[in-house]
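What follows is the residue order along each chain.
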Amino acid sequence: MSSQLPATLSSVRALLRQGHTLVQIQCGPEVTTSCNKEIIHQVPNSKRTLWTTSKPAGSFDCCSLCSSGTLAFCILSSSSGTPGPREGAFLGCFQSAGCHRYQSEGTAHLSHLFLLHGLSPEADSSPLAMTQHLPSLTRVAVCGGTHGNEMSGVFLVRHWMRDPSELQRSTFHAVPFLGNPRATEQCRRYIDRDLNRTFTADFLNSKVPDTDLYEVQRAQEINQTFGPKSSSQAYDLMLDLHNTTANMGSCLIVDSGNNLLAMHMCNYIQKHSGIRHCPILLYQQQPEEETYSVFSVAKVGLALELGPQPQGVARADLLAQMRSIVACALDFIEEFNQGMLFPALETEAYKVVGFVDFPRYPNGEISAAIHPNLQDKDFQPLKSGDPIFQTVSGEDILYEGDKTTYPVFINEAAYYEKRVAFIETEKCTVSHPALQKSF
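Residues numbered from 1 in each chain as written. Predicted model: local features only at pLDDT ≥ 70, side-chain atom pairs only at ≥ 80, totals over all residues. Heavy atoms only, no water.

A. Broad picture of the pairing of strand S10 (residues 237-243). Burial within S10 is extensive, with seven of its seven residues counted as buried. Judged by which residues are buried, S10 turns out to be covered on both faces: Leu 237, Leu 239, Leu 241 and Asn 243 on one side and Met 238, Asp 240 and His 242 on the other are all buried. (Buried < 20%, exposed > 50% of the residue type's maximum accessible area, 1.4 Å probe, protein only. Helix = DSSP H or I, 4+ residues; strand = E, 2+ residues; numbered from the N terminus.)

The following block contains the structure:
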């Protein structure tokens, strides 16, 4: 490589300790400001260029620099109109005999190559620097009517069961189904118990007497058709369509921020659906907590929670928004299956940390309502001392939490029976490496 480069790996580590983390290799025209800003935005810790060099196009070795750690490069553009990987695609990393070789996938000329994360001071590789690869998603399901009185999903799934063409893509066909047909017929949330709390091992494996409950029978049927849960035979992905009486906007719910594919899908929806407010809610409080929702039957699940909408009512605006989000999610799967590389992401999410009940009299009756200052303020900060309830006599009851929370599902009608006035969340930042289909 160029004599501009440090001669030894120890020299590289010394520079990294000084804060140099972005490595740029220039193979053509000078680097533009916009390109540099794009990469720095993807990797916030990258501040300065470690070195610049010129190399012919094609593959090249980095033995002296890569004897430990892993490098990942990014192509920003191809020169001279030569066909090649799309803008922003990552180069593959091939390791042999202690040497890392980077192959430009047959592209004859490349304009700019960037090292997204260099070696750490301890020469460990950064996981965010490496593209993660997952298999294609070919078995996809869309569930509506998990709760029989949440009408956006009921309307859409009934339509798609008559005409599924809207759910078809070139690489897969999504299967629509009604989660709780009997409750849907009666426009009720459920018949015997909440179906969306029934996909635990105890219920899925039970024989007597719980199988007398309709939703337990239905959960077992869904698990048999789209699972079994946690098995290699389970569907690749399931979308579950819900409405809420709370002011949740077009909320995207996943089990955990560690779900690589689901988080990339949420990020894609936020950027491409055209809907302004699509917050991400992470509902699993503990990593060891057993998942219980209908989409947990599939390998990956995403629930859509749109509101406010009254129970048993269909609003055309929310129906259109849900339809748009489902189409966007299916477009993401199609592009993933076709080999598109989705760049590393950093996005905001809200993690469930607790539940707050209404104030109650000694006999268990609710003694106060949601305070007007809190009503409809889902995902907005709530601080200690802010009013959260108001009694019939006009007395304010204040929030006593020790830190700011972001309440969600405020005054959700279906949660009265669950003794939940609102759910506490904390705002967090979720980061994931780039994602691409395995080849």
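Once the structure has been displayed, the description carries forward.
B. Summary view of the pairing of strand S14 (residues 345-356). Where strand S12 (residues 280-282) and S14 come together, two bridges link them in parallel fashion. Within the sheet, the bridge partner assigned to Leu 281 lies in S14 and is Tyr 350. The pairing of S14 with strand S18 (residues 422-432) spans 11 bridges and is antiparallel. Across the sheet, Leu 345 pairs through a bridge with His 432, a residue of S18. (Pairing = 2+ DSSP bridges.)

C. Here's a closer look at the pattern of salt bridges. Scanning the entire structure with this criterion turns up 12 salt bridges. Arg 169 serves as the salt-bridge partner of Asp 331, at 3.0 Å between the closest nitrogen and oxygen. Pair noted here: Asp 331 is in helix H8 (residues 316-337) and Arg 169 is in the loop between helix H3 (151-162) and strand S9 (175-178), with a separation of 162 residues, a long-range link. With a relative accessible area of 30%, Asp 331 lands in the partly exposed category. Assessed through its relative accessible area of 17%, Arg 169 is described here as buried. For the salt bridge of Asp 317 with Arg 315, the shortest nitrogen-to-oxygen distance reads 2.6 Å. (Salt bridge = Lys/Arg side-chain N within 4 Å of Asp/Glu carboxyl O.)

D. Region of interest: the sheet that holds strand S13 (residues 300-307). Across the sheet, eight strands lie side by side as S9-S8-S10-S13-S11-S12-S14-S18; this open sheet has mixed pairing. Strand pairing shows two members of the sheet lacking a second neighbour, S9 and S18, which therefore form its edges. Each strand axis lies, on average, 30° off the axis of its neighbour in the sheet, ignoring direction. Where strand S8 (residues 140-144) meets S9, four bridges bridge the pair, whose relative direction is parallel. Along S9, the bridge assignment pairs Gly 144 with Leu 178. Along the sheet face, helix H6 (residues 214-226) touches S8, S9 and S10 and points at about 170° away from the line of S9. (Axes fitted to C-alpha atoms, helices over the stretch in contact; angles between N-to-C directions. Contact = heavy atoms within 4.5 Å.)

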